[in-house]
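Chain by chain, the residues run as shown.
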Amino acid sequence: MTTYKIALISGDGIGPELTKATLQVLDTIQERYNINLDMINVDAGDACLEKKGVALPEETINIIKDSDACLKGPVGETAADVIVRLRILFDLYANIRPIKVYPNVPCFRQDIDMIIVRENTEGVYRGIEFDVNAETAICLRIITKKASERIARYAFKVAENRRKFMRVTAVHKANVMKKTDGLFSKTCKAVAKDYPEIHLDELYVDNAAMQLIKRPQEFDVLVTTNMFGDILSDEASILVGGLGVAPGANIGNDFALFEPVHGSAPKYAGKNIANPTSMILASKLMLDWLGDKYSDLKSKKAAMAIEKAVIETFKANVLTQDLGGNVKTDVFGKAVADRIL
Ligand code: GGG
């Protein structure tokens, strides 16, 4: 039997409830697909900071280093100390955020299907900030050719594999940030030359934010810098039902971490009403990535089974509160688990 070691961060706020629902699904997957997921609970986030005085302990980092992948629930105020740090520590340079319509989930249009490919290691989220004095602070926006090139290459490969519109849209603000986004734009254009079948479009980020609402069906793959990707993916999620159905993958050359796109939503915590789809679909992305990495067909099939079960659950109108239903978090998790074939 294939065994994967998975470092599991339950997270803060609604995180533990989403994790529990996701584990219901993964338990069934393990039974049906003869895969052993050795889940190792690790501490990180606000609760960890309170308990241990640090949001991301060394022990957690070491267990993650020793695992095949990490599955993470949302963390609260310590997001920068946990997820932003993990992305940099493990060089998880590609943040992949699929935006896709599911049956019976409220959406702007039925034909929306795009992937946002966000550079994950630099830009302003690198966290290089200084206080100049009590009244002025500075943040450095680092953009490198190396990081721009690898994220652009990742996006072109995604477009090539999807074979949808064979289009990558690079989003930046090179008319204002002539040096940093100028370099990003120039690098995307240079990479495009290696992918003659894929058309490269460019949009300024303000226009992209508008076009996502005006003509979302026309997008295929978007590639952008760190903060723009974070903002645009929240915006795009609402086109297809909101953050409750938005999973994300943080991918490096050798390791990857999977998580819901959203935060810890403390006001919904402990009420058993949050939508666990984002984390269930994050676990689907994880199995798909493990399947690719280890040429493991069982994992690839298990990933497909999770998405199929989510689709069947939505088709049966099993919907949580955020999507207009009244199904509880745990009931939704069980409904998906019961539909794993
Ligand atoms: N608005 C969604 C949200 O709160 N996401 C969690 C978060 O801020 N994550 C940091 C990141 O993705 O860079």
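Heads up: the structure comes first, above all this text.
The structure reproduced in this document is the subject of the present report. Quantities reported herein were computed from a predicted structural model and do not represent experimental measurements.

Looking only at helices and strands, one finds eleven helices and twelve strands in the protein chain. A compact globule built from 341 residues should have a C-alpha radius of gyration of about 20 Å, and the protein chain, at 20 Å, falls within 12% of that. The 341 residues of the protein chain split such that 55% are buried. Taking as baseline every contact in the protein chain between residues at least 6 positions apart, the subset at least 24 positions apart corresponds to 75%. Here the protein chain has roughly 14900 Å² of accessible surface; of this, 53% comes from carbon and sulfur atoms. If the 44 positive side-chain charges of the protein chain are averaged to one point and the 45 negative ones to another, these points end up 4 Å apart.

The subject of this paragraph is the site of the ligand. All residues adjacent to the ligand are Arg87, Arg97, Arg118, Tyr125, Asp230, Asp234, Val261, His262 and Gly263. Here a nitrogen atom of the ligand sits 2.7 Å away from a polar atom, N or O, in the side chain of Asp234. In this structure, Gly263 approaches the ligand through a main-chain N or O atom, which is 3.4 Å from an oxygen atom. When the free accessible area of the ligand is taken as 360 Å², the share hidden by the protein chains comes to 73%. Looking at side-chain class alone, the shell around the ligand contains two nonpolar, two polar and five charged residues.

Time to look at the side chain of Glu235. Here Glu235 lies in helix H8 (residues 226-237). Look at Glu235: it is buried, it has no salt bridge, and the nearest opposite charge is Arg215 at 12 Å. Among all residues touching Glu235, those that are not within four sequence positions of it are Ala209, Leu212 and Ile213.

Conventions we followed
Residues numbered from 1 in each chain as written. Predicted model: local features only at pLDDT ≥ 70, side-chain atom pairs only at ≥ 80, totals over all residues. Heavy atoms only, no water. Helix = DSSP H or I, 4+ residues; strand = E, 2+ residues; numbered from the N terminus. Rg over C-alpha atoms; globule rule 2.2 N^0.38 Å. Buried < 20%, exposed > 50% of the residue type's maximum accessible area, 1.4 Å probe, protein only. Contact = heavy atoms within 4.5 Å. Areas by Shrake-Rupley, 256 points an atom, 1.4 Å probe, with all protein chains shown as cover. Lys, Arg positive; Asp, Glu negative; His and termini not counted. Charge placed at Lys NZ, Arg CZ, Asp CG, Glu CD. Near = heavy atom within 4 Å. Polar contact = N/O pair within 3.5 Å; in protein donor to acceptor, adjacent residues only side chain to side chain. Nonpolar A, V, L, I, M, F, W, Y, C, P; charged D, E, K, R; others polar. Salt bridge = Lys/Arg side-chain N within 4 Å of Asp/Glu carboxyl O.

No statement about biological role is implied by the geometric values presented.
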